[in-house]
Amino acid sequence: MNLKELYQEIILDHGKNPRNLKKIENFNNDATGHNPLCGDKVHIYLNINNNNKVEDISFEGSGCAISMASASIMTDLVKGKDETEVKEIISDFLDMIKEKPELSSKNINEEDKTKLMCLSGVKKYPMRVKCATLSWHTLTSAINNSKDEINTEKMDT
Ligand code: ZN
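Let us look at the structure shown here. (Residues numbered from 1 in each chain as written. Predicted model: local features only at pLDDT ≥ 70, side-chain atom pairs only at ≥ 80, totals over all residues. Heavy atoms only, no water.)

Points about the sheet that holds strand β1 (residues 29–35)
Line of reasoning, step 1. Read from one edge of the open sheet, 4 strands run β3-β2-β1-β4, paired in mixed fashion. The open sheet is flanked by β3 (54–62) and β4 (150–151), the only strands paired with a single partner.
Line of reasoning, step 2. Sheet topology note: the strand β2 (residues 40–48)/β3 ladder contains 8 bridges and is antiparallel. Looking across to β3, one finds that Ile 44 is bridged to Phe 59.
Line of reasoning, step 3. Helix α2 (residues 65–78) contacts β2 and β3 of the sheet and is inclined by roughly 170° relative to β3. (Pairing = 2+ DSSP bridges. Helix = DSSP H or I, 4+ residues; strand = E, 2+ residues; numbered from the N terminus. Contact = heavy atoms within 4.5 Å. Axes fitted to C-alpha atoms, helices over the stretch in contact; angles between N-to-C directions.)

Printed below as a string of structure tokens:
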């Protein structure tokens, strides 16, 4: 299996069987996001504990395989990390999906880097970039607990 096939395999797997697709009961932050170009919608639920650590995270939503896979991989990856690490990972991911060839965050292990790199294929399709970034922008909004819905049409990526 070459790298491209591996990447497609991982996206299909997460797209078909998204992890953390539910509403957790004990969330203390949440946010919604919408990508009108593709019709993707996501609602992120976040439980941040007293040590600023992501105790639990889940999402509800509907949309294309890329948006679902991205939310699934993201929620799996940030669980158990602290807020500062999560913010650093978000900006690393957004840089990668925009222009950088690789991820550079020390807060992501190699296995998780491979999963995130699966999404790098969207760089060739500018319209799909927003599918991949929707849940990440929405996570930022959830962390900041801002109540405005994220709309990818009002953002650069
Ligand atoms: Zn989409």
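Description of helix α1 (residues 3–16)
Line of reasoning, step 1. Taking 1.5 Å per residue, 14 residues should reach 20 Å; α1 reaches 20 Å between its end C-alpha atoms and fits that length.
Line of reasoning, step 2. Looking at α1, one finds that the buried residues are Tyr 7, Ile 10, Ile 11 and His 14. Down the axis of α1, the buried side of the element spans an arc of 95°, and every buried residue falls inside it.
Line of reasoning, step 3. Contacts made by the buried residues of α1 are with α2 and α4 (110–117). (Expected span 1.5 Å × (residues − 1). Buried < 20%, exposed > 50% of the residue type's maximum accessible area, 1.4 Å probe, protein only. Arc of directions from axis to C-beta.)

Considering the side chain of Ser 67
Line of reasoning, step 1. Tracing the backbone shows Ser 67 in helix α2.
Line of reasoning, step 2. When its relative accessible area of 5% is taken as the criterion, Ser 67 is described as buried.
Line of reasoning, step 3. At 3.3 Å, the side chain of Ser 67 forms a polar contact with the side chain of Asp 40.
Line of reasoning, step 4. When residues no more than four places from it in sequence are discounted, the contact partners of Ser 67 are Asp 40 and Cys 131. (Polar contact = N/O pair within 3.5 Å; in protein donor to acceptor, adjacent residues only side chain to side chain.)

Focus on the side chain of Ser 58
Line of reasoning, step 1. Within the secondary structure layout, Ser 58 lies in strand β3.
Line of reasoning, step 2. Given a relative accessible area of 0%, Ser 58 falls into the buried group.
Line of reasoning, step 3. A polar contact is formed between the side chain of Ser 58 and the backbone nitrogen of Ile 24, at a distance of 3.2 Å.
Line of reasoning, step 4. Ignoring any residue separated from it by four or fewer positions in sequence, one finds Ser 58 in contact with Asn 20, Lys 22, Lys 23, Ile 24, His 43, Ile 44, Tyr 45 and Thr 75.

Some points on the coordination of the zinc ion
Line of reasoning, step 1. Distances from the zinc ion to its protein donors, Cys 38 (SG), Asp 40 (OD), Asp 40 (OD), Cys 64 (SG) and Cys 131 (SG), fall within 2.2 to 2.7 Å.
Line of reasoning, step 2. Between the donor residues of the zinc ion, the gaps in sequence give the motif C-x1-D-x23-C-x66-C. Residue Asp 40 is located in strand β2, and its partner Cys 131 is located in helix α5 (residues 126–143); the two are separated by 91 residues in the primary sequence. Considered together, Asp 40 and Cys 131 belong to a single accessibility category, that of buried residues. (Donors = N, O, S within 2.8 Å, 3.2 Å for Na, K, Ca; no water.)

Description of the packing of aromatic side chains
Line of reasoning, step 1. In total, this model carries 2 aromatic pairs according to the counting rule given.
Line of reasoning, step 2. Judged by centre distance (4.0 Å) and plane angle (15°), the rings of Phe 93 and Trp 136 are stacked. You can see Phe 93 sitting in helix α3 (residues 83–98) and its partner Trp 136 sitting in helix α5, a full 43 residues away along the chain. Like Trp 136, Phe 93 is buried. (Phe/Tyr/Trp six-rings, centres within 6.5 Å; stacked < 30°, edge-to-face > 60°.)

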